[in-house]
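Fold and geometry: a report
The lines below spell out each chain.
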Amino acid sequence: MPVVGYSLGYPAESPAVRDRLPQQGLVHYEQYEDYTDERILDIYAERNEKGWQRYMDVPQLKEMTERLGLQNLAQIYTIAKYTKESHLGYSQTVLDYLDKQNFMRNDESN
């Protein structure tokens, strides 16, 4: 049963490379490190700054951010870009697909 899908290929355009978290925020050596709140803020600081600036550089996005009273990148992602409603809709799409493919049936006759 497939668990994860991904696309492989070349994009039709050449978008700018997106900011990513630094490696020290993702990779743990020998054992997991439970970061402090201060360390998490430090790891995300540069990405937050560049991401915020990217939204402020586009007039329509800047206007939306100001209209909604958003003050940081996390709010942009959770309030404007990836809302609870969008997640619920996407989840329902996945559930409908799984049901159509008979993955939602729990009896042993399938």
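Here's a quick rundown of the structure. (Residues numbered from 1 in each chain as written. Predicted model: local features only at pLDDT ≥ 70, side-chain atom pairs only at ≥ 80, totals over all residues. Heavy atoms only, no water.)

Description of the nonpolar core
In plain terms, the rule: Residues enter a nonpolar core if they are buried and are Ala, Val, Leu, Ile, Met, Phe, Trp, Tyr or Cys, with the set joined through side-chain atoms within 4.5 Å. Throughout, exposure labels follow a simple rule: accessible area from a 1.4 Å probe, protein chains only, divided by the maximum for the residue type, with under 20% read as buried, over 50% as exposed, and the rest as partly exposed. The secondary structure listing takes helices from DSSP runs of H or I that are at least 4 residues long and strands from runs of E that are at least 2 residues long, numbered from the N terminus. In this description, contact between two residues means that some pair of their heavy atoms is separated by no more than 4.5 Å.
In terms of nonpolar packing, the biggest core is built from six residues, these being Tyr 55, Met 56, Leu 70, Leu 73, Ile 76 and Tyr 77. Only helix H1 (37-56) and helix H3 (73-81) provide two or more residues apiece to this core. Residue contributions to this core peak at three residues, all from H3. Beyond its immediate chain neighbours, meaning those up to four positions away, Leu 70 contacts Trp 52, Thr 65, Gln 75, Ile 76, Ile 79 and Ala 80.

Topic: a nonpolar patch on the surface
As a reminder, the rule being used: Residues forming no salt bridge and having over 30% relative accessible area are the ones grouped into patches, like charges within 9 Å of each other and nonpolar side chains (Val, Leu, Ile, Met, Phe, Trp, Tyr) within 5 Å. Surface exposure here means Shrake-Rupley accessible area, sampled with a 1.4 Å probe, where a residue is shielded only by the protein chains that are shown. Take a side-chain nitrogen of Lys or Arg and a carboxyl oxygen of Asp or Glu: if they are within 4 Å of each other, that pair is a salt bridge.
Taken together, Leu 26, Val 27 and Tyr 29 make up a surface patch of nonpolar side chains, about 330 Å² in accessible area. Within the secondary structure layout, Val 27 lies in the segment before H1.

Some details on the pattern of salt bridges
What the rule picks out here adds up to three salt bridges. Put simply, Asp 42 and Arg 39 hold a salt bridge, and the shortest N to O gap is 2.9 Å. In this pair, Asp 42 and Arg 39 are both assigned in helix H1, three residues apart and thus about one turn of the helix distant. The closest approach of N and O atoms between Arg 67 and Glu 63, which form a salt bridge, is 3.2 Å. One end of the pair is Arg 67 and the other is Glu 63, both in helix H2 (residues 59-68) and four residues apart, which spans about a single turn.

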